[in-house]
Amino acid sequence: MKMMTHPGQLWLLVGALYGFVGVALGAFGAHGLRARLSPEMLAIWKTAVEYQLYHALVLLVVGVWLRAAASATPLNVAGIGFTAGVLIFSGSLYALSLSGVRMLGAITPIGGLCLLLGWAALLVAAFRH
């Protein structure tokens, strides 16, 4: 595998992966889970997909922005926050939807905090740029 050649390539790769998986999970929810999950659990699944796709797009923005950035630190913090946030926020909602285990919902706010950290870091990057 070729080494990453420019700053931001990691976030472009993660964003593209999250986008790909998000579309697949969205289709799976709409077609494969509709008859198996309650409307409440389907709504939770849909929320997980939406947040994953929103943050896939912003990770692509972070990756492109890093090419022109004078300071990479806040953008990399944003990338880490968004990546972890999707894994924890959307991941816990996917697991909750499929399992019905309500305790998984207690993990979701941790992912939300990671997403907020990502947005705060992006705000810092905007002020510095």
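Quick note: structure is the one above.
Given the structure is predicted, the values throughout are model-derived calculations rather than measurements.

### Topic: the overall build of the protein
Assigned secondary structure in the protein consists of 4 helices and 0 strands. Each helix (α) and strand (β) of the protein, taken in turn from the N terminus, gives the series α-α-α-α. Oriented by its inertia axes, the alpha-carbon framework of the protein measures out at about 50 × 30 × 20 Å. Counting over 129 residues, the protein shows a buried share of 39%. Considering only intrachain contacts with a sequence separation of at least 6, the fraction spanning at least 24 residues in the protein is 76%. Carbon and sulfur atoms form 74% of the exposed surface of the protein, whose accessible area is close to 7,400 Å².

### As for the packing of aromatic side chains
As enumerated under the stated definition, the model contains 5 aromatic pairs in all. Centroid distance tyrosine 51 to phenylalanine 89: 4.7 Å. Interplanar angle 40°. Geometry classified as tilted. Placement of tyrosine 51 in helix 2 (residues 39-68) and of phenylalanine 89 in helix 3 (residues 73-99) is noted, with a sequence separation of 38 residues between them. Accessibility expressed as a relative area gives 13% for phenylalanine 89, which makes it buried.

### Quick look at the environment of tryptophan 45
Of note, tryptophan 45 is situated in helix 2. A residue is classified by how much of its surface remains accessible, and tryptophan 45, at 5% relative accessible area, is buried. In this structure, the C-alpha to C-alpha distance between tryptophan 45 and tyrosine 94, residues 49 residues apart in sequence, is 5.7 Å. Not counting chain neighbours up to four residues away, the residues in contact with tryptophan 45 comprise Leu25, Phe28, Gly29, Leu33, Tyr94, Ser97 and Leu98.

### Re the environment of glycine 85
Tracing the chain through its elements places glycine 85 in helix 3. Given a relative accessible area of 0%, glycine 85 falls into the buried group. Separated by 27 residues in the primary sequence, glycine 85 and glycine 112 place their C-alpha atoms 6.1 Å from one another. With near-sequence residues (within four places) excluded, glycine 85 lies in contact with Ser90, Gly111, Cys114 and Leu115.

Rules and cut-offs
- Residues numbered from 1 in each chain as written.
- Predicted model: local features only at pLDDT ≥ 70, side-chain atom pairs only at ≥ 80, totals over all residues.
- Heavy atoms only, no water.
- Helix = DSSP H or I, 4+ residues; strand = E, 2+ residues; numbered from the N terminus.
- Buried < 20%, exposed > 50% of the residue type's maximum accessible area, 1.4 Å probe, protein only.
- Contact = heavy atoms within 4.5 Å.
- Areas by Shrake-Rupley, 256 points an atom, 1.4 Å probe, with all protein chains shown as cover.
- Phe/Tyr/Trp six-rings, centres within 6.5 Å; stacked < 30°, edge-to-face > 60°.

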